[in-house]
Each structure stands twice: as C-alpha cells, then as structure tokens.
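One-letter residues, chain by chain:
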Amino acid sequence: MSADTVPAGPMWAAMYHSITDPTDDPYQVTVSPGRLDRQLRWLRRRGLTGVSMERLLLARARGTHTGLVGLTFDDGYADFLTNAVPLLHRYEFTATVYALPGRLGGTNEWDRLGPRKPLLTADGIREAAAAGMEVGSHGLRHTDLTKADDALLTEETRGSREALSAITGAEVTGFCYPYGTVDRRAVAAVREAGYRYAVGIDPGPLTGLFALPRIHIGQEDNAPRLFLKRALHSRRREPVPYGPYPSVVAGGGRSRPATVPEGGGA
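Asker: Report on the overall build of the protein, specifying residues and quantitative values.
Answerer: What the protein contains, in helices and strands, is seven helices and ten strands. The burial tally for the protein puts 55% of its 266 residues in the buried class. For the protein, long-range pairs separated by at least 24 residues make up 64% of all intrachain contacts whose partners lie at least 6 apart in sequence. As presented, the protein carries roughly 11400 Å² of accessible surface, and 51% of it is formed by carbon and sulfur atoms.

Asker: With reference to specific residues and values, describe the pattern of salt bridges.
Answerer: Counted by the stated rule, this structure contains 13 salt bridges. One salt bridge in this structure joins Arg-103 and Glu-109, with 3.7 Å as the shortest N-O distance. You can call Glu-109 exposed: its relative accessible area is 54%. With its nearest N and O atoms 2.6 Å apart, the salt bridge here joins Asp-123 to Arg-126. With Asp-123 and Arg-126 both in helix α4 (residues 122-130), this residue pair falls three residues apart, about one helical turn. When its relative accessible area of 47% is taken as the criterion, Asp-123 is described as partly exposed. On the accessibility criterion, Arg-126 (37% relative accessible area) is partly exposed.

Asker: Kindly report on the side chain of His-138, identifying the contributing residues and their values.
Answerer: Checked against the element boundaries, His-138 lands in the loop between β5 (134-137) and α5 (150-168). For His-138, a relative accessible area of 1% translates into the label buried.

Rules and cut-offs
- Each chain has its residues counted from 1, following the order in which its sequence is written.
- With the structure being a predicted model, the display of local features is reserved for residues of pLDDT at least 70 and the display and counting of side-chain atom pairs for 80 or more, all residues being used for whole-chain, interface and lining totals.
- Processing note: side-chain calculations cover all non-hydrogen atoms of the structure and skip hydrogens and water entirely.
- Comment: elements are numbered from the N terminus, with helices defined as DSSP H or I runs of at least four residues and strands as E runs of at least two.
- Think of it in three bands: with a 1.4 Å probe and only protein chains considered, a residue is buried below 20% of the maximum accessible area for its type, exposed above 50%, and partly exposed in between.
- Any two residues whose heavy atoms approach within 4.5 Å are treated as being in contact.
- Per-residue and other accessible areas were derived by the Shrake-Rupley procedure at a 1.4 Å probe size, with only the shown protein chains allowed to occlude residues.
- Salt bridges, as used here, are contacts in which a Lys or Arg side-chain nitrogen is within 4 Å of a carboxyl oxygen on Asp or Glu.

Shown next as structure tokens:
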C-alpha cells in the first residue's frame, strides 16, 4: 500500500500544540505554519476532512465518520488564532482548541525550559469560536490532575468548564488532560463536571469516551510518516469501548443519546 492510499478504518485524531517557528523547541511539540499547511494539504488530497472532536464523535455515533479526522490543538496558544485558523479555513477544516481560562493572556509557564509563548485571551477564545472552532477545556492552569487534591480537581474540571462557558456563551463539551496524564479519579471528575468526552494521548486500559487516544503530530511528520502513523494507530492503541454519545439539538439542548456500537478502535 502506497503513501497515497489511506486505509479506511477506525476513528482517529491528531494532536498539535503551538503553530509557529519550531527552531527553539526543547519539547518538540511546535509545528511551523508551512509544515501545517503541507499536512492539511496531505489530508485534503486523500479525501480526508479535518473536524473538531465534537463533530467527529457525533459522526461516529451515526456511523458517518469515515473520511473525518479530529484535529486538536492543546494549551490554547495565541498562535492557534493567528497561524492555524487561516490554514484550517483554507482547506475548509475545523478543529478543537483546548484553552486554559486560568491563564488568559498569560504564557506557558509550566514548560520549565521555555520558550515563553503567549496564550489566548478571552477575546481570542471568542474569536476562535466565532471562526467555527470548538473550544474545549485544558483545565484552568495546566495542572496534572493525577496529583491534585479533591478541591483542586473540582476547580480544574468543573471550574474551567464554567469559566469557558461564561467566555463563549456556549456549552463546553470537551476536556483535554494536561500532560496527557490520566487516572480513574481524573476520569470520574471530568465526567461528573458535565463534559461529554475527554482526550488524552495513550490512556491504555482507561481508553474510552472520557480518555480518547490521539496521535502526536510534529514538525518532522511528512507524507510517509503521516501515512504510517495513521495506519498503525489502531494497532498501537487500545480499542475504544464507545457508549451512547449525546446528540446536540437546536438551541444548545440535548436530544436522546445517539447509540454508538461497542468496540471499534480510535
């Protein structure tokens, strides 16, 4: 099978972070706008469409997710709005940005080695939503939930959801675990906070609607690497035990849950 042939198969989602010059990046999570452009073009040329996680999960519930790829951007960097959104619009894609309402207009101070990069302000979050992007929560301040006490855990999950909803004026349905670290206690807190889904990186046996796996995409991921990552995703990750996923109805309410078949990889 060539790199120009993308196998049909289970749902998958890509994980990005900052979209800017990757030269000074000790964590290797930055992708240049030029590289992102080529990666999005690779998807488009293969008949794939980048969408938000909310849209992907609703399509999965209906069995219409073939050809859709979840595009996610962690940490809520300001460069998502300036560098990623225009490219997403160019290819008629959408995405999910996971923001930090406890660090509005701040920087990524949790990265000890730097470099410091600006994060979205409240206005930036509203602009991203107005541009058709899903806004999800990354907690309030990028806290490792597996090390938080009960009060902090509630603040980082329920508190961040309420803060983002106040900013956007809309329901916040998705959560992204900071650092990708997750345990059963964190999963329970996210569920109890009212989210409909959550994403991690490789949550292993916790994999499910509240701990969905994603594929890390970096600066070095060219066409052959993208093909291999997608092809190997379902083999390297635990199958997702999907359950009912609530559909969205006009006015922001909920309809009856859309039944999702048990099993199937993500």
